[in-house]
Amino acid sequence: MRKVIIDTDPGHDDIMAILTALAHSSELELLSFCTVAGNQTVDKVTNNILKVEEYLGINIPVYRGEERPMVKDPQPQPQAHGETGMDGPILPEPLKKAEELSAVEYYKQILEKEDKVTIIALAPLTNLGVLLSRYPHLSEKIEAIALMGGALDGGNINKCAEFNIWHDPEAAKIVFDSGIRVIMAPLEACYAGAILLSETERFRKEGRVSKLVDDLFGFYCRYAIERNWDRTSVFDLMPVLYLLDEDLFVSEKGKVDIILDGEDTQGQTVFTKGEGNHIVLVDADREACMKIFFDAIDLLDRRYQ
Ligand code: BDR
Ligand code: CA
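Residues numbered from 1 in each chain as written. Chains lettered and ligands numbered in written order. Predicted model: local features only at pLDDT ≥ 70, side-chain atom pairs only at ≥ 80, totals over all residues. Heavy atoms only, no water.

Mind laying out the coordination of the calcium ion (ligand 2), listing which residues take part and the relevant values?
For the calcium ion (ligand 2), every protein donor is listed as Asp 9 (OD), Asp 14 (OD), Asp 14 (OD), Leu 122 (O) and Asp 236 (OD), and the spread of their distances is 2.2 to 2.6 Å. Counting gaps between the donor residues of the calcium ion (ligand 2) yields the pattern D-x4-D-x107-L-x113-D. In this pair, Asp 14 is assigned in helix H1 (residues 12-23) and Leu 122 in the loop between strand E4 (117-121) and helix H5 (126-134), connecting sequence segments 108 residues apart. Accessibility expressed as a relative area gives 0% for Asp 14, which makes it buried. (Donors = N, O, S within 2.8 Å, 3.2 Å for Na, K, Ca; no water. Helix = DSSP H or I, 4+ residues; strand = E, 2+ residues; numbered from the N terminus. Buried < 20%, exposed > 50% of the residue type's maximum accessible area, 1.4 Å probe, protein only.)

So, in structure tokens, the structure goes:
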């Protein structure tokens, strides 16, 4: 079984990815969550994962991560995820707290102890950038980093860049240059694997987890509805799905370089096919992806009643 840590800034799509990973606990042994500033402040996104844990009645350690990118200032995205970072579901304030240890120091401890760990990164790469610049030798203990981030053909935050990479391009560069095997799910794979708005109606049914997902989509889909789109990308779901079944995606091997500056280009991911230890997902089997997602939520409805 693969040991995984999820690095996250929940985030509507982060939670849907996390739920799918939880449903596959016989394939992915989820050791912990590490939070990081991204969609909202690190305190808000940490609070969100703690709320979801209490709602589900689960107890996976949560480590609060970096509150600002390595060089830039934090730039939360309330238009996409609301003031809380997870607007929509109304959940009680959590009793549970994050662990005392910071995410970066936790990564150091766990990587020194464990044989090999896979990191699923659903947020800006600040925690990993700080980790690898402070303790570069630990790159050997990371089996792979499966991440949502990057774009091959046009960004969602500036002309060329995707939000997670743009928010902390310096950290992204450290990660992509580290020699670690990186699996990148860029915007294009997420667009290909998107959920139809009509399909989100399936969550309006009995079930504690379906109710959570329905409330998440209630807010998250507004962006697509306002633009008359018939679908929306559950971005962060894609790297989790890849770890569950690589055949859901068309992928290419090569090397990704990160552009650090330029108004239109900061955070751009430049992909060169060929030699390299980066796998880039370029297309997805949408219906097969959605089947795994829908089945995961159904399973969790039965597990967490
Ligand atoms: C990424 O940015 C965030 O808004 C989402 O959670 C996802 O990780 C998409 O660009
Ligand atoms: Ca995210």
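With reference to specific residues and values, describe the site of ligand 1.
Contacts to ligand 1 come from Asp 13, Asp 14, Asn 39, His 81, Leu 122, Met 148, Asn 156, Glu 162, Phe 163, Asn 164, Phe 235 and Asp 236. Residue Asp 14 places a side-chain N or O atom 3.0 Å away from an oxygen atom belonging to ligand 1. Interatomic distance of 2.8 Å between a side-chain N/O atom of His 81 and an oxygen atom of ligand 1. The fraction of the free accessible surface of ligand 1 (280 Å²) that becomes covered by protein chains is 95%. Secondary-structure elements contributing two or more residues to the shell around ligand 1 are H1 and helix H6 (163-167). Residue classes in the shell around ligand 1 are distributed as 4 nonpolar, 4 polar and 4 charged. (Near = heavy atom within 4 Å. Polar contact = N/O pair within 3.5 Å; in protein donor to acceptor, adjacent residues only side chain to side chain. Areas by Shrake-Rupley, 256 points an atom, 1.4 Å probe, with all protein chains shown as cover. Nonpolar A, V, L, I, M, F, W, Y, C, P; charged D, E, K, R; others polar.)

Please provide a residue-by-residue account of helix H11 (residues 237-244), values included.
Residues spaced three or four apart along an α-helix point in a common direction, a consequence of the helix completing one turn every 3.6 residues. In terms of burial, H11 is a largely internal element, 8 of the 8 residues being buried. Listing the buried residues of H11 in full gives Leu 237, Met 238, Pro 239, Val 240, Leu 241, Tyr 242, Leu 243 and Leu 244.

Quick one: what's the story with the sheet that holds strand E2 (residues 28-35), residue by residue and with numbers?
Read across the open sheet, the 9 strands follow the order E3-E2-E1-E4-E5-E6-E11-E9-E10; overall the sheet is mixed. One side of each edge strand has no neighbouring strand; the edge strands of this open sheet are strand E3 (62-63) and strand E10 (269-273). One ladder, built from 5 bridges, connects strand E9 (residues 249-258) with E10; its direction is antiparallel. The residue of E10 that forms the bridge with Ile 258 is Thr 269. Where H5 meets the sheet, its contacts fall on strand E1 (2-8), E2, E4 and strand E5 (142-148), and the angle it forms with E5 comes to roughly 150 degrees. Where H11 meets the sheet, its contacts fall on E1, E2, E4, E5, strand E6 (182-185), E9 and strand E11 (278-284), and the angle it forms with E5 comes to roughly 135 degrees. (Pairing = 2+ DSSP bridges. Contact = heavy atoms within 4.5 Å. Axes fitted to C-alpha atoms, helices over the stretch in contact; angles between N-to-C directions.)

Lay out the pairing of E9 with the relevant residues and their values.
Sheet topology note: the E9/E11 ladder contains 6 bridges and is antiparallel. Bridge pairing in E11 places Phe 249 opposite Ala 284.

Summarise the packing of helix H9 (residues 208-220) against helix H12 (residues 286-303); cite the residues concerned and give the values.
In the contact formed by H9 and H12, the axes pass within 6 Å of each other and the chain directions differ by 130 degrees. Taken together, the axis directions place H9 and H12 in an arrangement best described as oblique. When H9 is examined against H12, the residues Arg 208, Val 209, Ser 210, Val 213 and Phe 217 are found in contact with a partner set consisting of Phe 293, Ile 297, Leu 300 and Asp 301. (Parallel < 35°, antiparallel > 145°, perpendicular 65-115°, else oblique.)

I'd like a rundown of the pattern of salt bridges, residues and numbers included.
Scanning all chains against the criterion turns up 23 salt bridges. Between Lys 3 and Glu 114 there is a salt bridge, and its shortest N-O distance comes to 3.7 Å. Taken together, the residues Lys 3 in strand E1 and Glu 114 in the loop between helix H4 (103-113) and E4 connect sequence positions 111 residues apart. In this structure, Lys 44 and Glu 83 form a salt bridge, with 3.8 Å as the shortest nitrogen-oxygen distance. Note that Lys 44 is positioned in helix H2 (residues 42-56) and Glu 83 in the loop between helix H3 (78-81) and H4, a separation of 39 residues in sequence. In this structure, a network of salt bridges that share partners links the residues Lys 173, Asp 177, Lys 255 and Asp 257. (Salt bridge = Lys/Arg side-chain N within 4 Å of Asp/Glu carboxyl O.)

Explain unusual backbone geometry residue by residue, including any values.
That bond from Pro 10 to Gly 11 is cis: its omega, -5 degrees, falls within 30 degrees of zero. Inspection of the secondary structure puts Gly 11 in the loop between E1 and H1. Residue Asn 228 is not a glycine yet carries a positive backbone phi of 65 degrees. Counting through the fold element by element, Asn 228 comes out in the loop between helix H10 (222-226) and strand E8 (231-232).

Residues and numbers for the environment of Pro 124, please.
Inspection of the secondary structure assignment puts Pro 124 in the loop between E4 and H5. Classification of Pro 124 as buried rests on a relative accessible area of 0%. The sequence separation of Pro 124 and Ala 172 amounts to 48 residues, and the corresponding C-alpha distance is 7.7 Å.

Account for the packing of H4 against H5, with residues named and values stated.
Contact pair H4 / H5: the axes reach a minimum separation of 9 Å and the direction vectors enclose 60 degrees. Considering the angle they form, H4 stands oblique to H5. H5 is crossed by H4, and the crossing has right-handed handedness. Two secondary-structure elements touch here, H4 through Ala 103, Val 104, Glu 105, Tyr 107, Lys 108 and Leu 111 and H5 through Asn 127, Leu 128, Val 130, Leu 131 and Arg 134. A class-by-class count of the residues in the contact of H4 with H5 yields 7 nonpolar, 1 polar and 3 charged. (Left-handed = near helix turned anticlockwise from the far one by under 90°.)

I'd like a rundown of the environment of Leu 300, residues and numbers included.
Considering the arrangement of structural elements, one finds Leu 300 in helix H12. The spatial distance from the C-alpha of Leu 300 to the C-alpha of Cys 34 is 22 Å, given a sequence separation of 266 residues. In contact with Leu 300, other than residues within four places in its own chain, are Leu 19, Leu 22, Ala 23 and Val 209.

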